[in-house]
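Remarks on the overall topology
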Amino acid sequence: MSKKTMKMLRGTVGLAALLVGGAASAQSTFTLNLSSSSNTGVLSCAQNSAGCTHNGVNGKFSAWATTTDDPTTLLQTATISDQNGSGIGVTSGGEATGSPNHAIDSSGKDELVLINFGSQRVSLTGVSAGWSQTDTDVSLLRWTGSSAPNLSTMSLTGSASGLLASGWALVASSDMDGAATSNGTTYGTTSMSLPNSTAASSWWIVSAYFGANSGNLDRDNDFFKLLTVSGCLGTFVNGHCTTGGTGNSVPVPGTLALAGLGLAGSAWRRRAAAAR
């Protein structure tokens, strides 16, 4: 093998290692902290139009609620409130602004938070509540549609306009405090984690539980303040974040580098054969 060929191969290998390393670092994990005490300014970043950013991932938050206490009524916009070190709450139209109604709750109108990650496709791996009362049943849903969702045309449940009938997929529901309903009980920080999240999306919902009663999961009595939202770019399987995921057909830099290395090897073999 000539010195020139050896130098070419060493350079290609070095480039491959560099790009593979870059691909690994691009597999970002993130935690958006919605506590105003963890963000600059008076208000939580979730209330700002710029959204919240961590490790290059940006999420923009909006609040929604059912029109009445009937989960088949259409959703309407609500207001995100800054709950200081506990995170954010939601106040819907006509609702009392004091505790516990200023939390995200399912007492009366059902409330939820919609998160838009823009062009980034992410998998959520967990959320936490900085405060909750009575019960902490929470659901995560992922958007599967090809265009941006319009929640004003959707309801929580219903055969035609319900979230699941309109393009949303239920990812997980959890009783985050680990106990059945206990009136008057106030909890500190509670959380739910997902060991696997194999489908990424640019739109996610965090809501008070609105499904059928099952075990500790029940509705109409949940009050919680959303403190953190965690996830990764791509998919999350067995504790590892990987680029790609559903709908991602673009080769990652490491794949392109290894393909280039294969082409370089083929070129060397052709030259060696010609020399013989």
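Structure shown above.
Presented here is a report on the structure given in the accompanying data block. (Residues numbered from 1 in each chain as written. Predicted model: local features only at pLDDT ≥ 70, side-chain atom pairs only at ≥ 80, totals over all residues. Heavy atoms only, no water.)

Focus: the environment of glycine 108
Here glycine 108 is to be found in the loop between β7 (104-105) and β8 (111-116). Glycine 108 sits 41 residues away from threonine 67 along the chain, and the two C-alpha atoms are 9.8 Å apart. (Helix = DSSP H or I, 4+ residues; strand = E, 2+ residues; numbered from the N terminus.)

What to know about the sheet that holds strand β18 (residues 240-242)
Taken in spatial order, the 3 strands line up as β14-β17-β18 in an open sheet, and their pairing is antiparallel. Unpaired on one side and paired on the other, β14 (196-197) and β18 mark the two borders of the sheet. Of the strand pairs in this sheet, strand β17 (residues 235-237) and β18 are connected by 3 bridges, and their pairing is antiparallel. Counted as the bridge partner of threonine 235 is threonine 242 from β18. (Pairing = 2+ DSSP bridges.)

A closer look at the side chain of serine 155
Here serine 155 lies in the loop between β10 (137-143) and β11 (168-175). According to the relative accessible area criterion, serine 155 is buried, its value standing at 0%. A polar side-chain atom of serine 155 sits 2.6 Å from the main-chain carbonyl oxygen of threonine 157. What serine 155 contacts, discounting residues up to four positions off in sequence, is Pro71, Thr72, Thr73, Leu74, Leu75, Ser161, Gly162 and Leu163. (Buried < 20%, exposed > 50% of the residue type's maximum accessible area, 1.4 Å probe, protein only. Polar contact = N/O pair within 3.5 Å; in protein donor to acceptor, adjacent residues only side chain to side chain. Contact = heavy atoms within 4.5 Å.)

Let's talk about the environment of asparagine 101
Mapping asparagine 101 onto the fold places it in the loop between β6 (88-91) and β7. Relative accessible area serves as the criterion here: at 21%, asparagine 101 is assigned to the partly exposed category. The sequence separation of asparagine 101 and phenylalanine 223 amounts to 122 residues, and the corresponding C-alpha distance is 7.4 Å. With near-sequence residues (within four places) excluded, asparagine 101 lies in contact with Val90, Glu95, Ala96 and Phe223.

Here we look at unusual backbone geometry
Its identity is not glycine, yet asparagine 55 carries a phi of approximately 50 degrees, on the positive side. Within the secondary structure, asparagine 55 is located in the loop between β2 (52-54) and β3 (57-66). The partly exposed category is assigned to asparagine 55, whose relative accessible area is 45%.

Structural notes on the state of the cysteines
One pass over the structure, following the stated rule, counts 1 disulfide. Between the sulfur atoms of cysteine 45 and its disulfide mate cysteine 52 the distance is 1.9 Å. Measuring the twist about the S-S bond at about 105 degrees, one finds the cysteine 45-cysteine 52 disulfide to be right-handed. Here cysteine 52 falls in the buried class, since its relative accessible area comes to 2%. (Disulfide = S-S within 2.5 Å.)

Digging into the pattern of salt bridges
Within this structure, the stated rule accounts for 2 salt bridges. For arginine 219, the salt bridge is made with aspartate 110, and the minimal N-O distance between the two is 2.9 Å. Here arginine 219, found in the loop between β15 (203-208) and β16 (223-233), pairs with aspartate 110, found in the loop between β7 and β8; they are 109 residues apart in sequence, far enough to count as distant. Overall, the relative accessible area of 1% leaves aspartate 110 in the buried class. Between arginine 219 and aspartate 220 there is a salt bridge whose closest N-O contact spans 3.3 Å. Salt bridges sharing common partners tie together Asp110, Arg219 and Asp220. (Salt bridge = Lys/Arg side-chain N within 4 Å of Asp/Glu carboxyl O.)

Overview of the nonpolar core
Counting 35 residues, the largest nonpolar core has Leu34, Phe61, Phe117 and Leu226 as the members making the most contacts within it. Elements supplying a minimum of two residues to this core: β1 (29-33), β3, β6, β8, β9 (122-133), β10, β15 and β16. Listed in part, the 14 residues of the second largest apolar core include Trp64, Trp143, Leu156 and Trp168. (Core = buried A, V, L, I, M, F, W, Y, C linked by side-chain atoms within 4.5 Å.)

Notes on the packing of aromatic side chains
Pairs of aromatic rings are described using the distance from one ring centre to the other and the angle between the two planes. Summed over all chains, the structure comprises 2 aromatic pairs. On the numbers, 5.2 Å between centres and 55 degrees between planes, the contact of tryptophan 143 with tryptophan 168 is tilted. Of the two residues, tryptophan 143 sits in strand β10 while tryptophan 168 sits in strand β11, which places them 25 residues apart along the sequence. As far as burial versus exposure is concerned, tryptophan 143 and tryptophan 168 are alike and both buried. Note that lysine 225 overlies the ring of tryptophan 131, its terminal NZ or CZ placed 4.4 Å from the centroid. (Phe/Tyr/Trp six-rings, centres within 6.5 Å; stacked < 30°, edge-to-face > 60°. Lys NZ or Arg CZ within 6 Å of the ring centre and 35° of its normal.)

Observations concerning the pairing of β15
Counting buried positions over the 6 residues of β15 gives 6, a clear majority of the element. Going residue by residue along β15, you find Trp203, Ile205 and Ser207 tucked away on one face and Trp204, Val206 and Ala208 tucked away on the opposite face as well. Pairing analysis gives 5 bridges linking β8 to β15, with the strands arranged antiparallel. In the strand pairing of β15, asparagine 116 is matched with tryptophan 203.

A few points about the pairing of β6
In regular strands, side chains alternate between the two faces of the sheet. Of the two faces of β6, the one lined by Ile88 and Val90 and the one lined by Gly89 and Thr91 are each fully buried. Of the strand pairs in this sheet, strand β5 (residues 79-82) and β6 are connected by 4 bridges, and their pairing is antiparallel. When the bridges of β6 are listed, aspartate 82 appears paired with isoleucine 88. Connecting β5 to the antiparallel partner β6 that follows it, the hairpin turn spans 5 residues, and asparagine 84 within it adopts a positive phi of roughly 55 degrees.

This is a description of form; function is not addressed.
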